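Examining the three-dimensional arrangement
Spelled out from the first residue to the last, the chains are:
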Amino acid sequence: RGVDIPNVGPDFQTNIDGIYIAGELGGMGLIRNAIEQGCQAMEAIAKRHKSKKLKSQYDVIIVGAGPSGIAASLAAKEKGLNYLTIDQDSLGGTVASFPKRKLVMTSPATLPLIGKVKFTETTKEALIEFWQSVEKKAQLLIKFGERVEAVARNGDGFDVKTTKGEYSAGSLLLAIGRRGTPRKLGVPGEDLSKVTYKLIDAEQYQNTHVLIVGGGDSALESAVSISEQPGAKVTLSYRSAAFSRAKKKNRDKIERAEADGTIQVLLESNVKSICEEHVEIDHKGTIVRLRNDAVIVNAGGILPTGFLKDIGIEIETKYGTA
């Protein structure tokens, strides 16, 4: 299908002077690579700031608080730049949405102000705890739960509008990853508080009836994790006839769980409505009504391609080779 990748130069600058991209959004998903790119991009931003003698509310605004954004924030502070980091979600980036105790593979890296990071294989929890310690130790300025809505050119800098305010900056670093905004189902009842878009802690679903929607690795891993909790009743709904996008090991786990009766699998199904105590699902043309206490929608995210194009950033669709 191809992957949309923004065009960036060797210094991580896009076709727009002053806007840079680092990390997963630029095609590099590994934690070490994301850290290195965040640092290198900030090096280029510092040089631009010095050469243009920019004067704005902030020297640079960093969008995203995953590994790349955290590394860039540390580098900005180390270089004495007046920075602000914004994230629509929480600290840690994509890792924060992983299931509990999921193993995370990385490689040793070096963080500004912190030093060498020697993780090679760790858990989600340990990695998030590490990032929290970095944030606290370096006293990073990060605003969470704030999403960038628009970016407009203002002289050599930019005006940035978010869901909570407006700022100006000389440069902008986008380290937002590729998960984007969670894709919603668009069905009645989706605004109920029992509906979420990622699994935080499987243990909270003990003795509950849970519906997982999706067919990727996140959905399958969520279903398995919750099914292992005492008293949990799990249903997995997916619109296609097979879990072709998921890893084989996750597909195998679902097959075993279905055979054991710990997970009910509804392939070729679509959620029609969500109510306080039940959900209605169209399963191969038949409406199935299930008791329900919680819904987790793991249907992927809306990639930030539209946001990038609105700003004017050039996008190229790249295809893998066999």
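Structural notes, computed from the coordinates.

About the thresholds
Residues numbered from 1 in each chain as written. Predicted model: local features only at pLDDT ≥ 70, side-chain atom pairs only at ≥ 80, totals over all residues. Heavy atoms only, no water. Helix = DSSP H or I, 4+ residues; strand = E, 2+ residues; numbered from the N terminus. Expected span 1.5 Å × (residues − 1). Buried < 20%, exposed > 50% of the residue type's maximum accessible area, 1.4 Å probe, protein only. Arc of directions from axis to C-beta. Polar contact = N/O pair within 3.5 Å; in protein donor to acceptor, adjacent residues only side chain to side chain. Contact = heavy atoms within 4.5 Å. Axes fitted to C-alpha atoms, helices over the stretch in contact; angles between N-to-C directions. Parallel < 35°, antiparallel > 145°, perpendicular 65-115°, else oblique. Left-handed = near helix turned anticlockwise from the far one by under 90°. Nonpolar A, V, L, I, M, F, W, Y, C, P; charged D, E, K, R; others polar. Pairing = 2+ DSSP bridges. Right-handed = clockwise from strand over helix to strand, strands pointing away. Core = buried A, V, L, I, M, F, W, Y, C linked by side-chain atoms within 4.5 Å.

As for helix H3 (residues 124-138)
- The terminal C-alpha atoms of H3, which comprises 15 residues, lie 21 Å apart, in line with the 21 Å expected from a rise of 1.5 Å per residue.
- Within the span of H3, buried status applies to Lys-124, Leu-127, Ile-128, Phe-130, Trp-131, Val-134 and Ala-138. All buried residues of H3 fall inside an arc of 155° around its axis, so they share one side. Opposite the buried face of H3, at more than 90 degrees from it, the exposed residues are Glu-129, Lys-136 and Lys-137.
- Just past H3, the residue Gln-139 takes up positive phi, approximately 50°.

Describing the side chain of Thr-14
- Relative to the helices and strands, Thr-14 is located in the loop between strand S1 (3-6) and strand S2 (19-21).
- Look at Thr-14 and you get buried, because its relative accessible area is 8%.
- Polar side-chain contacts of Thr-14 include one of 3.1 Å to the backbone nitrogen of Ile-16.
- When residues no more than four places from it in sequence are discounted, the contact partners of Thr-14 are Asn-7, Val-8, Ile-19, Tyr-20, Ile-21 and Ile-313.

Focus: the packing of helix H4 (residues 217-227) against helix H5 (residues 248-260)
- Interaxial distance between H4 and H5 falls to 10 Å at its minimum, and their mutual angle equals 40°. As judged from the angle between their axes, H4 and H5 are oblique. The crossing of H4 and H5 is left-handed. Along the contact surface, H4 presents Asp-217, Leu-220, Glu-221, Ala-223 and Val-224, while H5 presents Asn-250, Arg-251, Lys-253 and Ile-254.
- Looking at the contact of H4 with H5, its residues break down into four nonpolar, one polar and four charged.

Considering the pairing of strand S4 (residues 83-87)
- Along S4, five of the five residues are buried, which leaves the element largely enclosed by surrounding structure.
- The alternating pattern of S4 places Tyr-83, Thr-85 and Asp-87 on one face and Leu-84 and Ile-86 on the opposite face, and all of these are buried.
- The pairing of strand S3 (residues 58-63) with S4 spans four bridges and is classified as parallel. Looking at S4, one finds that Ile-62 is bridged to Thr-85.
- For the crossover from S3 across helix H2 (residues 67-78) to S4, the handedness is right-handed.
- The pairing of S4 with strand S9 (residues 142-144) spans three bridges and is classified as parallel. Its bridge partner being in S9, Thr-85 is matched across the sheet by Ile-142.

Concerning the packing of H2 against H3
- Between H2 and H3, whose axes approach to 11 Å, the crossing angle comes to 15°. When the interaxial angle is binned, H2 and H3 end up roughly parallel. In this structure, H2 meets H3 at a crossing whose hand is left-handed. On the side of H2, the interface is formed by Pro-67, Ile-70, Leu-74 and Lys-77, while H3 contributes Trp-131, Val-134 and Ala-138.
- Looking at the contact of H2 with H3 residue by residue, the classes come out as six nonpolar, no polar and one charged.

Regarding the side chain of Glu-221
- Note on placement: Glu-221 falls in helix H4.
- By relative accessible area, Glu-221 is classed as buried at 13%.
- A distance of 3.2 Å separates the side chain of Glu-221 from the side chain of Asn-250, its partner in a polar contact.

Structural notes on H4
- Counting buried residues along H4, ten of its eleven residues qualify, which places the element largely inside the surrounding structure.
- Considered for burial, the residues of H4 that qualify are Asp-217, Ala-219, Leu-220, Glu-221, Ser-222, Ala-223, Val-224, Ser-225, Ile-226 and Ser-227.
- Buried residues belonging to H4 abut strand S15 (209-213), strand S16 (233-238), H5, strand S17 (263-267) and strand S21 (294-297).

Overview of the nonpolar core
- Residues Met-42, Val-60, Leu-111, Trp-131 and Leu-173 are the most contacted members of the largest nonpolar core, which totals 34 residues.
- Top element by residues in this core is helix H1 (residues 31-52). It accounts for eight residues.
- Here Met-42 is in contact with Val-60, Ile-62, Ala-72, Ala-75, Ala-76, Lys-79, Leu-81 and Leu-173, once residues within four sequence places are set aside.
- Core analysis: the next-biggest nonpolar cluster, separate from the first, contains 22 residues, Ala-219, Leu-220, Phe-243 and Ile-296 among them.

Focus: the sheet that holds S16
- Taken in spatial order, the five strands line up as S14-S21-S15-S16-S17 in an open sheet, and their pairing is parallel. On the outer flanks of this sheet lie strand S14 (195-196) and S17, each paired with one strand and no other.
- Sheet topology places S16 next to S17; five bridges connect them, and they run parallel. Residue pairing for S17: Leu-236 is matched across the bridge by Val-265.
- This element, H5, spans S16 and S17 of the sheet and lies at about 115° to S17.

Quick notes on the pairing of strand S18 (residues 269-274)
- Two strands pair when backbone bridges link them, and S18 and strand S19 (residues 278-283) are joined in this way by five bridges, in the antiparallel orientation. Paired with Ile-274 across the bridge in S19 is Val-279.
- Counting the residues in the hairpin turn of S18 and S19 gives three residues.

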